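Examining the three-dimensional arrangement
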Amino acid sequence: MNRPSSASFFTSRKVVFLLASLCCLLWGSAYPAIKNGYALFHIAADDIPSKLVFAGWRFIFAGLVLLAIAAVGKKPLRLDRPTLGQVTLVGLTQTSLQYVFFYIGLAYATGVKSSIMNATGTFFSVLLAHFIYKNDRLSFNKALGCVVGFVGVMVVNFSEGLLSFDFTLLGEGFVVIAAFVLSAASIYGKKVSQRVDSVVLTGWQLAIGGLALVLIGFAAGGALTGFTAKSIALMLYLVMLSSAAFSLWTILLKYNRVSMVTVFNFMIPVFGTALSALFLDENFLEWKNAAALLLVCWGIWLVTKEEKPVPVMA
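Here is what the cut-offs are and how they apply
Residues numbered from 1 in each chain as written. Predicted model: local features only at pLDDT ≥ 70, side-chain atom pairs only at ≥ 80, totals over all residues. Heavy atoms only, no water. Helix = DSSP H or I, 4+ residues; strand = E, 2+ residues; numbered from the N terminus. Buried < 20%, exposed > 50% of the residue type's maximum accessible area, 1.4 Å probe, protein only. Contact = heavy atoms within 4.5 Å. Polar contact = N/O pair within 3.5 Å; in protein donor to acceptor, adjacent residues only side chain to side chain. Axes fitted to C-alpha atoms, helices over the stretch in contact; angles between N-to-C directions. Parallel < 35°, antiparallel > 145°, perpendicular 65-115°, else oblique. Nonpolar A, V, L, I, M, F, W, Y, C, P; charged D, E, K, R; others polar. Expected span 1.5 Å × (residues − 1).

**Section: the overall build of the protein**
Scanning the protein from N- to C-terminus turns up 13 helices and zero strands. For the protein, the α and β elements follow one another from N to C terminus as α-α-α-α-α-α-α-α-α-α-α-α-α. Taken over 314 residues, the protein has a buried fraction of 51%. Contacts in the protein between residues at least 24 apart in sequence constitute 86% of all its contacts with a sequence separation of at least 6.

Below is the structure:
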């Protein structure tokens, strides 16, 4: 009796809009939250090991929260050896490797630029899917969306006079690499999720990936200091962000067509840019930021509008 009522609730267009927008708001808020975290925990821009420790603890706790939610839902947490190996690989790539690049890149690039450039992950996913899945080839809209999106990424890196290209490997370059790693790892994770509950999979991969980040960071001399009520509150927010947003997104994907949910992805760079400008005092009103944001959102819309939503039968 509960399943039909849940399905009808989560397939309501108003509910989908509100919850999907909330997820994108949470993910967009990660950019200023992480940069503020560097300041609150006294992590210098060149202190890479401490950045890894910071990221690692966030994901360990986020993973444990998801596993606790799965346990309350009486979902099996134990994995057989082959599945554990696959989940570990997902964790070491999707969480550890991706966030090594992302956290370092975010330290050397503004939150506004990072939120826009991280949207390249949508286009990487489309391009990778073209070569991996026979039933997901590039169409005109997808190809045009990729071109428009990458043009937007290029625009945000031009200087004021359009005569020089403001792009560094450690900054913008690492953010783009992180987006590519996430896209590739997510495609592999999709295969693993066919055998493992999605919440359990993400809980384990976040915890495993976070543990790897902490161990690497400590081994390289990293540390996490500056614990205050404010810094602890921010860490708890980042933990909540990762666990809550993923859980809500998973529920929406469970009861709705994928295309109906993923179309909201365009809101992530919008929220990320606006919140970075608000909380980091970054200049969002530059014409290149506005133009790049519009191009990236247009590109994502072109890619995701390929499939028209259809009503889900109860």
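**As for the side chain of Ser 242**
Mapped onto the elements, Ser 242 comes out in helix H10 (residues 229-255). A distance of 2.9 Å separates the side chain of Ser 242 from the side chain of Arg 58, its partner in a polar contact. Ser 242 has contacts with Arg 58, Phe 59 and Ala 62, leaving out every residue within four places of it along the chain.

**A few points about the packing of helix H2 (residues 13-40) against helix H4 (residues 81-108)**
Closest axis-to-axis distance for the H2/H4 pair is 10 Å, and the angle between their directions is 80 degrees. With respect to H4, the element H2 is oriented roughly perpendicular. Along the contact surface, H2 presents Tyr 31, Ile 34, Lys 35 and Tyr 38, while H4 presents Phe 102, Tyr 103, Leu 106 and Ala 107. Across the contact of H2 with H4, the residue classes tally to seven nonpolar, no polar and one charged.

**Regarding helix H3 (residues 48-72)**
Spanning 25 residues, H3 covers 37 Å between terminal C-alpha atoms, matching the ideal 36 Å at 1.5 Å per step. In the stretch just after H3, Lys 74 is the one whose phi turns positive, near 60 degrees.

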